[in-house]
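Here is how the chains run, residue by residue.
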Amino acid sequence: MAGGEAVALLGANGAGKTTLLKILATLLRPTRGRVMVAGHDAVREPEAVRRHLGLVAHGAHVYEDLTARENLAFWTALGGARVPAADLAAALAAVELERHAGERVRTFSAGMKRRLSLARFVLARPRVLLLDEPFAGLDQRAKKWLEEYLQAFKAGGGAIVMATHSFGRELAVADRIAILAGGAIALEAPRAPLTADDVQRLYALHAEDAP
Amino acid sequence: MIYARRAWAVVWKDLLVERRSKETLNALAFFSLLLLFVFQFALGPDRERLAGVLPGLLWLGFVLAGLLGLGRTFVAERENDCWEGLLLAPGDKSAIYVGKLAGNLLLMLAVEAMLLVLFAVFFNLDLAGVLPALGLVVVLGTLGLAAVGTLFAAMTANLRARELLFPVLLLPVQVPVLLATVKATEAVLAGEPLGAVAHWLQLLAAADVVYVTAGLLTFDFVLEG
């Protein structure tokens, strides 16, 4: 993958989408093959890889009893960065959570937690974003915001890998699709000439009919 | 400097979460109180009998409260996959161990201070004269308990039988610390000078160094699983 590119990983439940994301994120070791992220081997140099990536998975990596601002301050400090309060506020504003900065995460919706999770990466500016079902559970406004955010991330040179089994806004962001079946890529194709219906047909052919 | 900032971030977060939820502190306070009532009813007012068993009872209280508190070290990390977040945070993972250990140590010392006051009240003890010496023994013993407890809590955090495995793993490793602390506490409460228990204090200090070093060196592997 090149910088500024987004790949949507499509596949039925158990196809291996989340497993692949976890391998890319250095959380799991591949049984075979080699994973390179930003020029570093994910198995041999996991620490170097982790400096370049951001993961937004099913759990949003947020503490329920901390406020949004405190969560952000904790994760940036744990990353070793000393971030001024103004930058924390700007990151929360970038994900439209500035009005909720002092509220405990326990009161947040799933969409707000996901946005808070993304606020970390507004500050850390990773080169690669790994997203597991990024639009799931979001309302229309949050979906629109996230789509714009991901387009801006790509425009800034960032690479995105999204695991999904829906054909909505993910496809609008994606430059390529990869359909997974049985733990392997059954089809990889550029997104551009394909309509959502085309992708649906390819998905039915390669993912749902896969043995 | 960055290492210290990362460790401090963990201490700050853990204490803030505990202050907000009060889950561990409340449970330990009630548990300690219950324990004291049981001891009081079991032993009665016989001071001679009490003098013989008090150091053991005191550390039994500390260890049982410690087991409850230490076992919850990584409970907050299981919510929202924060464990994954810790793993993915760049930098030396031992800073997380140092932060967790410091947070546990502060929490345990707070509970032990409360327990000590309650012991003095329940059993009519005058601890004023022996407080500095007793404080040293308690801090050294608690550090040893917290150092291994924090590491084992991380080891068992994602296991289904963690509540069972945690004490089973922890207590045998704690034998040198428990032996030294009970013996040193017994001597200190009997009014002996610290010099008389120097060998026990040395054993405690050595155990602390070994346990903390083992935690620092192995935490990365434990976290990575």
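The preceding data block contains the structure.
Conventions adopted
- Residues numbered from 1 in each chain as written.
- Chains lettered and ligands numbered in written order.
- Predicted model: local features only at pLDDT ≥ 70, side-chain atom pairs only at ≥ 80, totals over all residues.
- Heavy atoms only, no water.
- Helix = DSSP H or I, 4+ residues; strand = E, 2+ residues; numbered from the N terminus.
- Rg over C-alpha atoms; globule rule 2.2 N^0.38 Å.
- Buried < 20%, exposed > 50% of the residue type's maximum accessible area, 1.4 Å probe, protein only.
- Contact = heavy atoms within 4.5 Å.
- Areas by Shrake-Rupley, 256 points an atom, 1.4 Å probe, with all protein chains shown as cover.
- Lys, Arg positive; Asp, Glu negative; His and termini not counted.
- Charge placed at Lys NZ, Arg CZ, Asp CG, Glu CD.
- 1 Å grid on protein atoms, 1.4 Å probe; cavity = no way out; pocket = protein on both sides within 12 Å on 5 of 7 lines; lining within 4 Å.
- Points joined across faces, edges and corners; volume = space filled by probe spheres on them.
- Nonpolar A, V, L, I, M, F, W, Y, C, P; charged D, E, K, R; others polar.
- Pairing = 2+ DSSP bridges.
- Expected span 1.5 Å × (residues − 1).
- Arc of directions from axis to C-beta.
- Buried area = accessible area lost by both parts, 1.4 Å probe.
- Salt bridge = Lys/Arg side-chain N within 4 Å of Asp/Glu carboxyl O.
- Polar contact = N/O pair within 3.5 Å; in protein donor to acceptor, adjacent residues only side chain to side chain.

Q: An account of the overall build of chain A is requested, with residue identities and associated values reported.
A: Each helix and strand in chain A was counted, giving 8 helices and 8 strands. In summary, chain A has a C-alpha radius of gyration of 17 Å against a globular reference of 17 Å for 211 residues, a match within 12%. Reported as C-alpha extents along the three principal axes, the dimensions of chain A are approximately 50 × 40 × 30 Å. Within the span of chain A, comprising 211 residues, buried residues form 52% of the whole. Restricting the contact set of chain A to residue pairs at least 6 apart, pairs at least 24 apart contribute 65%. Roughly 9700 Å² of accessible area belongs to chain A as shown, and the carbon and sulfur atoms make up 51% of that amount. Taking the average place of the 27 positive charges on the side chains of chain A and the average place of its 23 negative ones, the gap between the two points comes to 5 Å.

Q: Which residues make up empty space enclosed by the protein, and what values do they have?
A: Over the atoms, a rolled probe matching the size of one water molecule traces out where space is still vacant. Residue and element names in this part refer to chain B. Counted under the stated rule, the structure contains 1 cavity of 30 Å³ or more. Put simply, the largest cavity is a space of about 30 Å³. Forming the walls of the largest cavity are Leu54, Leu58, Leu116, Phe119, Leu125, Leu127, Leu134 and Leu189. Those elements that place two or more of their residues in the lining of the largest cavity are helix H3 (47-70) and helix H6 (94-122). The residue inventory of the lining of the largest cavity, partitioned by class, reads 8 nonpolar, no polar and no charged.

Q: Go over the pairing of strand E4 (residues 53-56) of chain A with me, naming the residues and quoting the values.
A: Residue and element names in this part refer to chain A. Residues Leu53 and Leu55 of E4 are buried on one face, and the alternating residues Gly54 and Val56, pointing to the opposite face, are buried as well. Taken together, the 4 bridges between E4 and strand E5 (residues 128-132) define a ladder with parallel strand orientation. Directly across from Gly54, in E5, lies its bridge partner Leu129.

Q: Tell me about helix H9 (residues 175-189) of chain B, and please be specific about residues and values.
A: All names here are of chain B. End to end, H9 covers 21 Å across 15 residues, agreeing with the expected 21 Å (1.5 Å per residue, within 8%). Within H9, burial applies to Val177, Ala180, Thr181, Ala184, Thr185, Ala187 and Val188. All buried residues of H9 lie within an arc of 160° about the axis, which places them on one face of the element. Buried residues along H9 sit against H3, helix H7 (131-156) and helix H10 (198-224). Within two residues after H9, Gly191 carries a phi angle of roughly 90°, on the positive side.

Q: Outline the interface of chain B and chain A, listing residues and values.
A: Interfaces are often sized by the amount of accessible area the parts lose when they come together. Chain B puts 29 residues into the contact, and the matching count from chain A is 31 residues. Between chain B and chain A the total buried area reaches about 2700 Å² when both faces are included, carbon and sulfur atoms providing 60% of it. Among the residues chain B hides against chain A, the three largest losses belong to Arg20(B), Asn80(B) and Leu88(B). Together they make up 26% of the total. We note a salt bridge from Arg50(A) to Glu224(B), for which the minimum N-O separation is 2.8 Å. Our count for the chain B to chain A interface comes out at 18 residue pairs in polar contact (both at pLDDT 80 or more). Elements supplying a minimum of two residues to the side of chain B that touches chain A: helix H1 (2-21), helix H4 (75-78) and helix H5 (82-88) of chain B.

This is a description of form; function is not addressed.
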